[in-house]
Structure formats: structure tokens, C-alpha cells
Amino acid sequence: MRLRDLSLGNRLFLLALAGILPLAAMSGVGLFGLVWQQRTQAEQSGQELTRALAIGIESELQRSLSVLEALGSSSVLDGDNPETFRLAASRLNQTQGHWLTLILAEPSGNVLVNTNIMPGTALPPLAERASFDQAVRSQKPVVGTLARGMRGAWAIPLRVPAVRDGKLRYIVTGVVAPQSILDVVRRQHVPDDWVISVFDAKGMRVARSRGHDKYLGTPASPSLQRLMAGGAMEGHGEVEALEGDAVYTTFTRLPDSGWAVAIGIPVEAINAAGHRSLAAYGGGILFSLLLGLLGALLLARSINRPIGALRAAAQALGRGAPFTLEPSELAEIDEVADALLAAQAQHADHEAERELLLSDSQAAHQLAERANRVKDHFLAMLGHELRNPLAPIVSALDIMNARHAEYHVAERRVIERQVAHLTRLVDDLLDIARISGGKLALRRARIDLNGVIARTLELTAPLLARRIHPPMVALAPAPLYVYGDAVRLAQVFTNLLSNAAKFTPDDGQIRVSVRAAGAMAEVRIDDSGCGIAPELLAHIFEMFTQGEQPIDRRGGGLGLGLAIVKNLVDLHDGSVRADSAGVGCGASFTVRLPLRLPSPDDGGAAAPPAISASGQGKRVLVVDDNMDAAEMLASLLGQTSAYEVRIAANAQAALAMLDSYVPDVALLDIGLPGMDGYELAQRLRADPRCPGLRLVALTGYGTERDRERARACGFDAHCVKPVALEQLLAALEA
């Protein structure tokens, strides 16, 4: 058989027979076994040393804790005389080589004695409070974490509770210098190129055999932190030391204190034996490889040249550049060359098609982005333009309610309901736009669901008041705390309760119940209304989804309420479910939210600001180009002697008025002609005639970005039209 008739597979087979692969495999196996053996020995010796060192450190800590326990149980604390404790503690402190001070404190944290502070001198507060609180809670000895004392020196607090008659009376603290731990480390006599580190329960370095003073109080290197992550009691692996050296590290945790001991052995030291063995028989392997390579070189020369041409052609194909291929002496390579040439032709066709599709896709993307921008702008303008006329209507209603409470009651209630309905439609449109764009932010706090349901019932009271049967409400017997936005959750339950009232006859029944269900809080709203058809139930939470309604659309709405409910509940990591046996069988909506157990770090839900009438003589300037809105608002505020109100139709008129009238509060519309409300706010802030002026934005622009811009321009509060009278008064009196 001639050489040119051999296939590529046969040539590679001959190359393998030359001995390259067997020798390389044998070399790799031998070296791998050697390195593995060295690493195993290093791991075992390092792990044994960390265990021994951990025992030594644990013993050192336990010895100090035992001394403190003896002091805490001694008679020096029986008489509740801190001075007796000071004398005994001072004598004991002198016998302990690395003790810095002894501290006696009450469980509240009030320090009674510090042996470093003379009697009659103000005592500094406790450092590293977390371990102190842990000792108070557990009433067991606690090893604290590294912290700086009042003079800036690093120290370790050891906390021991002192119990009398079954009651915790004091916490005795011994403050120990890190040098005591360093002494234990240095007694190990490890090689100079090894490094030992001791870390406290927070991962801060307590002692280091190399560069102790430099690295005291620093965390482990990032690679060592990753190795020790997860809380395992022991472990090993290769990391990078703080000096940049590669070290093989083993670590052991102390079970009682949570501290950790880590020992790093240079990788070069572990691999040294393997390198020596490699030098010993590597020459023989190299000689064998050279012989094999010499034979393989002759065979590979006839393969490399055409393969190189194929590689260049493949690279050109990847770049989209043209190429040509000459016939070779190998049939397989010629087949690959033919395939590459065919691929070149296909690539040219596909590239042309891709460019056309890319151009169409970019045009469609730009069109979609433009449409989205137009939509956002339209919704913002729609909200502003709808809220502006609503504001004077609401103010006029408030004036009518105050002046003529006994006249046209039914007609005013109709207007109030329709204005509230229109306001809700505007809010739904803007909320769904913010949710769809991912721009809705929650103001989370720990809140009681019972309080949220009570607020919901207040908000829906006008809608529920005309019903024959009021809703049956069953609140949880104890507070149910969740972590969420109280305003948005009230919006969720207001939507659900409003829907129940809307689709349930006045003589029907509505039930609201709140209860705990395992780790979840559950709010359920049941009604005996028109029910939900099975084909609609699966899509009830989708946008613009509504059941079939009569031509008068007695239910009303845009079909956004339940979509907003679903999105708001999802943002709170909860779930909402709708159930109905069918049309005419009523409906049930169940909202489940994760319970939040009380913790010391939680703050209670903020109470709403109280509305007072303490603004006697307060001057108010209303600036709005909508004179109906400005005059109605001025009339509403002027009904009480608490406010003196002036109005201006634009920014220039407001600034000119400052020569004769300096307000305490300015209510500014944002969309003013000429100079807008943002610029006017900045001008008023900079005007020396208005020291302490409070600015309130009163506008139809209500997105979070609008609120942030108002704060950046100096506004103290941001109210969205139409604003409730209570909210406006709260902003004035804040």
C-alpha cells in the first residue's frame, strides 16, 4: 500500500503506535499519583495540626471562662456592692498575663465596674454588644468577637452570666488581648514558610503566625473565605495567601465559640518531592518521547500541510472572507475541503438573509421603543390632564359639604362616588404602566394585616354603607405581621372588596376573614354575587379581562383591578387565588402572604400623621394656572381661621408677591406656564425673603420619578391631584 493511499485514521493510528500516547499517559499517571500522595500527606498533617491547635485555643478560652465563672459565682457579688467586685477583680486581673480589664454590667448593658477606670469617672459603653446580648439571652458563657476598645486597641470579650436565686443579675466580662491566642499559635513551632491564622466567629483575624500586627483585625483572603464558606467544621483546599503565595490550606472550627483555625502550607513545598522524582526518571521518558516524535514527525508532515490549509479556510469562512483550496493527497481532507466550499456558498446566502432580517428586526425594535415612549408620555399626560380638573371638583365638594351640609346630600354623594371612580380609573392606568415597566417601588415595613383590613374597610365605607347587609368581618385574634407596603396592600384589599360590592346585590352577603395558615397569613373575601364563569376563571387576573356584562356596564371599570392585585401580591412574595362554582354562585378571593415574626430589629408600622388645627395665622400661597383649582383650594382652606391664603396664576406673579406677602407654606402646581413648578421651588428656596418656607408639590404628575425630582428640587412633600383634604392638612401641619 502506498503512503498516499493511507487514510487519515490509519496515519493517526501509526502515530499512536509510535509510543507518544502510551508514554505520555504513563508519565501523567505517575506524576498525578506522586502529587496526589504528597497532597494527601500534607492534608493529613495539616488537618491534625489544626485540630491540635484548635484544642489548644479552645483550652485557652475555656481556662479564661472558668476563671470568670468562678469570679461570677463568688461571694463578691452577693451583696450587690460593685466596689467589692472591683477590688476582687483588680487582684484577679493582675494574675492573668493577657487580660486587659474586667467589666461588671447589668443585663440592660449598664456598666457598673471597669477595672481600668477609676471610681467616680464616667464609664464607657460596652464594646461588641452582640456577644453581651447573646449571653443575656442564653445565660451561658459566650466568647465574643474581635473589637476595638475605648483606647483603640484590639481585644476579645469573654462574657459570663452571674445568676442569683435563678435570676440573671450581672454579666461579668473579661477583656483578653489577642496576644494570648498568638502565644498558643507560636508554641506550635511550624516551618517558617507555613502560615497559621485564627479567626473569630465573624471571620475577623485574631492571630497570625506571620505579620500578626499588620493583619490583626482583617478578614481572610477572598479565596480562603470561599473555602470556609458553608459552615463546615473542617475542610481543605488550595488558596492564595495575603502575601500572594499559593498555599494548600486546612481549617478546623471550634464547636463552642465558632472560631476557626487555618494552616497554609506552600504548594511549592508539597510539590517539591514530585519535582525531584520527575527529574529522576523524566530524562528517560523524554528520550523515549523524542524517539516517538521523530517517527511521528515524518508522518505528521504529510498531514499538517493540508490540515493547515483547511484551518485557514475555516477561519476565512468564519470571517466571511473568500478562500480557495487545492487538492491534497488525502481523500478525507479533500472531502472536508469540498464541504467547506459548499459551506462558503451557503454562508453567503445565509449572510444576505441575516442582514435583511436584522434590518427588519432593528426597525421593529426602534418602532416598539418609540411606541413605548409615546405610551409612557401619553399615560403621564393623561393622568395629569384628568387629575387637574378633578382637583377643583374635590375642593368644591369639600366646600359644599362644609357650608351646606343639609342641602343636596344625595346629589353631592353621587358626585363624590363618580369622582372617586374616575380617580381610581386614572390610578389603575398609571399603576399598571408602572408595574409593566418594572418602575413600581414598595415601601416595606413590618405591618399588622388586621390594621390593613381595618383601613380597607374605612376606605370602602362609602361604597358599603348603602348595602342592606354590612360585610361580616372576622379578624385574626392576634396581630398577623407581614413585611410589605401598607398602602399597596390596602390597595389590594380595597380592589377585591370593591369588586365584591360591585358584583353582589345590595341584599347579598360579603364576608372578610383574616387568619394564620402555617407560615402564611391568609385573607379571604367571599361574596354571594354573580360568580365567575369557568372559561373566565383561568384568565381573571390578566389585564383588560372582564366577564360578559349587560349593555349598561353596571360593573364598570377597565379590567385592570385584578391584574394590579395579582402583580402587587407577587411583589410581596405572596399568592392570590380566585374560586367560583360558576355564574350565579358567588366568588371567593384568597390572598396569602408570608408571615414575618417579630424581631428586635423590627420597627412598628408608622402611625399616620395626626391632623391638627395648630396652624393659627399660618400664611399659605397657592400657585396654579388652573384658577378654578386655585380658588376652590383657597376657599376651602380659608373656611378656617387657621390659614391666611393668597393665590397666584404663575411663577412670576408668585415671586412678585413676596415683597408684600411672605408665606409659611407654598402649594405649587408643577405644570405652570413659562417657569415650571420645579424651577419656582428652587427660586423660592434661594430667596432670602423666605427663610424656613415649606414647599408642597400639588400636581397631576404622580410617578415615582416625579416624586424623586420634586425632592431633588427642594419640595418637602408631594401630593397628587385630587388630594384628600386630610392628606393636604397633614402636609400643611407636618
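Details of the structure are given in the entry above.
Residues take numbers from 1 onward in each chain, read along the sequence in its written order. Reporting of local features is limited, given that this is a predicted model, to residues whose pLDDT is at least 70; pairs of side-chain atoms are given and counted only at 80 or more, and all residues count toward the totals for whole chains, interfaces and linings. Side-chain figures throughout are based on the complete set of non-hydrogen atoms in the structure, without hydrogens or water.

J.: What should I look at first to understand the overall build of the chain in this one?
T.: On a plain count of helices and strands, the chain comes out with 20 helices and 23 strands. By residue count, 43% of the 734 residues in the chain fall in the buried class. The contact criterion used throughout is that any non-hydrogen atoms of two residues lie within 4.5 Å. Within the chain, residue pairs in contact and separated by at least 24 positions form 63% of the contacts whose partners lie at least 6 positions apart. Total accessible area computed for the chain in this model is approximately 38,400 Å², and 57% of it derives from carbon and sulfur atoms. We count a stretch as a helix when DSSP gives it H or I for four or more residues in a row; a strand needs E for two or more, and each element gets its number in order from the N terminus. Classification of residues uses two cut-offs on accessible area relative to the type maximum, computed with a 1.4 Å probe and protein chains only: under 20% is buried, over 50% is exposed, and between them is partly exposed. Computed with a 1.4 Å probe, the accessible areas rest on the Shrake-Rupley method; for each residue, only the protein chains presented here act as cover.

J.: Even after reading the chapter, I still don't get helix α4 (residues 129-138), so can you show me in this structure?
T.: Residues lying three or four places apart along an α-helix face the same way, a consequence of the helix completing one turn every 3.6 residues. Residues S131, F132 and A135 constitute the buried set of α4. Taken down its axis, α4 places every buried residue within 105° of arc, on the same side. Looking at the buried positions of α4, the neighbouring elements they touch are β1 (99-105), β3 (142-143), β5 (154-164) and β6 (167-176). Remark: Q139 follows α4 within two positions and exhibits a positive phi of approximately 55°. The directions considered for the arc run from the helix axis to the C-beta atoms.

J.: Is there a simple way to explain the pattern of salt bridges in this structure?
T.: If charged atoms from side chains of opposite charge come close, those side chains can pair. Every case where a carboxyl oxygen of Asp or Glu lies within 4 Å of a side-chain nitrogen of Lys or Arg is listed as a salt bridge. Counted by the stated rule, this structure contains 23 salt bridges. Put simply, R86 and E83 hold a salt bridge, and the shortest N to O gap is 3.5 Å. Here the residue R86 and the residue E83 both occupy positions in helix α3 (residues 82-95), the gap between them amounting to three residues, near one helical turn. A salt bridge links E522 to R592; the shortest N-O distance between them is 3.1 Å. Of the two residues, E522 sits in strand β16 (residues 520-527) while R592 sits in strand β18 (residues 587-594), which places them 70 residues apart along the sequence. The class for E522 is buried, based on a relative accessible area of 10%.

J.: What am I meant to see in the pairing of strand β2 (residues 111-114) here?
T.: Within a regular strand, the side chains alternate between the two sheet faces. The pairing of β1 with β2 spans three bridges and is classified as antiparallel. Bridged to L104 within β2 is V113. Being paired, for any two strands, means DSSP has found at least two bridges between them. Taking the residues between adjacent antiparallel strands as the criterion, β1 and β2 are bridged by five residues, where G109 takes a positive phi near 100°.

J.: Mind showing me how you'd approach the packing of helix α11 (residues 449-459) against helix α13 (residues 486-502) here?
T.: A pair of packed helices is captured by two measures, namely the crossing angle of their axes and the spacing between those axes. Taken N-terminus to C-terminus, the directions of α11 and α13 make an angle of 55°; their axes are 9 Å apart at the nearest point. Relative to α13, the element α11 is oriented oblique. Taken as a pair, α11 and α13 cross one another with a handedness that is right-handed. Here L449, V452, I453, T456, L457 and L459 of α11 come into contact with α13, specifically with A486, L489, A490, F493, T494 and L497. Each residue belonging to the contact of α11 with α13 can be placed in one class, and the counts come to ten nonpolar, two polar and no charged. Here, axes are lines fitted to C-alpha atoms. For helices the fit covers the stretch in contact, and angles between N-to-C directions go from 0 to 180 degrees. To sort the angles, those under 35 degrees are grouped as roughly parallel, those over 145 as roughly antiparallel, those from 65 to 115 as roughly perpendicular, and the leftovers as oblique. If you view the pair so one helix is near and one far, a crossing is left-handed when the near helix is turned anticlockwise from the far one by less than a right angle, and right-handed when it is turned clockwise. Residues were grouped as follows: Ala, Val, Leu, Ile, Met, Phe, Trp, Tyr, Cys and Pro as nonpolar; Asp, Glu, Lys and Arg as charged; and all remaining residues, including Gly, as polar.

J.: Before we go on, may I ask you to explain the packing of α13 against helix α15 (residues 561-571) in this structure?
T.: Contact pair α13 / α15: the axes reach a minimum separation of 9 Å and the direction vectors enclose 145°. Here α13 runs over α15; the crossing is left-handed. Here R488, Q491, V492, N495, L496 and N499 of α13 come into contact with α15, specifically with G561, L562, I564, V565, L568 and V569. Class assignment of the residues belonging to the contact of α13 with α15 gives a composition of seven nonpolar, four polar and one charged.

J.: Would you explain the packing of aromatic side chains in this entry?
T.: Both the distance between ring centres and the angle between the ring planes are used here to describe each pair of aromatic rings. Side-chain rings of Phe, Tyr and Trp (the six-membered ring for Trp) are treated as a pair once their centres are within 6.5 Å; stacked means planes under 30 degrees apart, edge-to-face means over 60, and tilted covers the remaining angles. Counted by the stated rule, this structure contains one aromatic pair. Only lysine NZ and arginine CZ atoms are considered, and such an atom sits over a ring when it is within 6 Å of the ring centre and within 35 degrees of the ring normal. One residue, R596, lies across the ring of Y483, its end atom 4.7 Å from the ring centre.

J.: So what exactly am I meant to see when it comes to the sheet that holds strand β22 (residues 694-699) here?
T.: Think of a sheet as strands paired side by side through backbone hydrogen bonds, with each pair either parallel or antiparallel. Reading across from one edge, β20-β19-β21-β22-β23 is the order of the five strands in this open sheet, with parallel pairing throughout. Two strands close off the open sheet at either side, each with one partner strand: β20 (643-648) and β23 (717-720). Across the sheet, the mean angle separating the axes of adjacent strands is 20° when strand polarity is ignored. Bridging between strand β21 (residues 665-668) and β22 involves four bridges; their strand directions are parallel.

J.: Help me understand the environment of L463 in this model?
T.: Within the secondary structure, L463 sits in helix α12 (residues 461-464). Among the residues examined, L463 registers a relative accessible area of 26% and is labelled partly exposed. Taking C-alpha positions, L463 is 7.4 Å from S498, a pair spaced 35 residues apart along the chain. Contacts of L463, omitting those with residues within four sequence positions, involve S498 and A501.

J.: Would you mind showing me how to read the sheet that holds strand β15 (residues 510-517) here?
T.: Overall, mixed pairing links the five strands, which are arranged β13-β15-β16-β18-β17 in an open sheet. Among the strands making up the open sheet, the edge pair consists of β13 (472-474) and β17 (575-579). Strand after strand, the sheet turns through a mean of 15° between neighbouring axes, direction not considered. Those strands touched by α13 are β15, β16 and β18, and its axis lies near 20° from that of β16.

J.: When you look at the side chain of H718 in this model, what are you seeing that I'm missing?
T.: Here H718 shows up in strand β23. You can call H718 buried: its relative accessible area is 13%. A distance of 3.4 Å separates a polar atom in the side chain of H718 from a polar atom in the side chain of R707. Residue contacts for H718: discarding those within four places in its chain leaves A697, T699, Y701, G702, D706, R707, A710 and Q727. Counting of polar contacts relies on pairs of N or O atoms within 3.5 Å, with two restrictions inside protein: one atom must be capable of donating a hydrogen and the other of accepting it, and residues adjacent in sequence are counted only when both atoms are side-chain atoms.

J.: Explain the side chain of R208 to me, please; I cannot follow it from the model alone.
T.: Tracing the sequence through the fold places R208 in strand β8 (residues 205-208). Judged by relative accessible area, which is 2%, R208 ranks as buried. Of the polar contacts made by the side chain of R208, one reaches the backbone oxygen of R210; its length is 2.5 Å. For R208, the residues in contact, after removing those within four places along its chain, are L182, V195, I196, S197, Y215, L242 and E243.

J.: Sorry if this is basic, but what is going on with the nonpolar core here?
T.: Formed by 47 residues in total, the largest nonpolar core has its most connected members in I57, F85, I181, V198 and W259. The greatest single-element share of this core, amounting to ten residues, is contributed by helix α2 (residues 20-73). Look past the residues within four positions of V198 in its chain and what remains in contact with it is I57, I181, V185, M204, R205, V206, A207, W259, A260 and V261. Core analysis: the next-biggest nonpolar cluster, separate from the first, contains 41 residues, L464, A521, L562 and A578 among them. Here, nonpolar core means buried Ala, Val, Leu, Ile, Met, Phe, Trp, Tyr and Cys residues that are tied together by side-chain atoms lying within 4.5 Å of each other.

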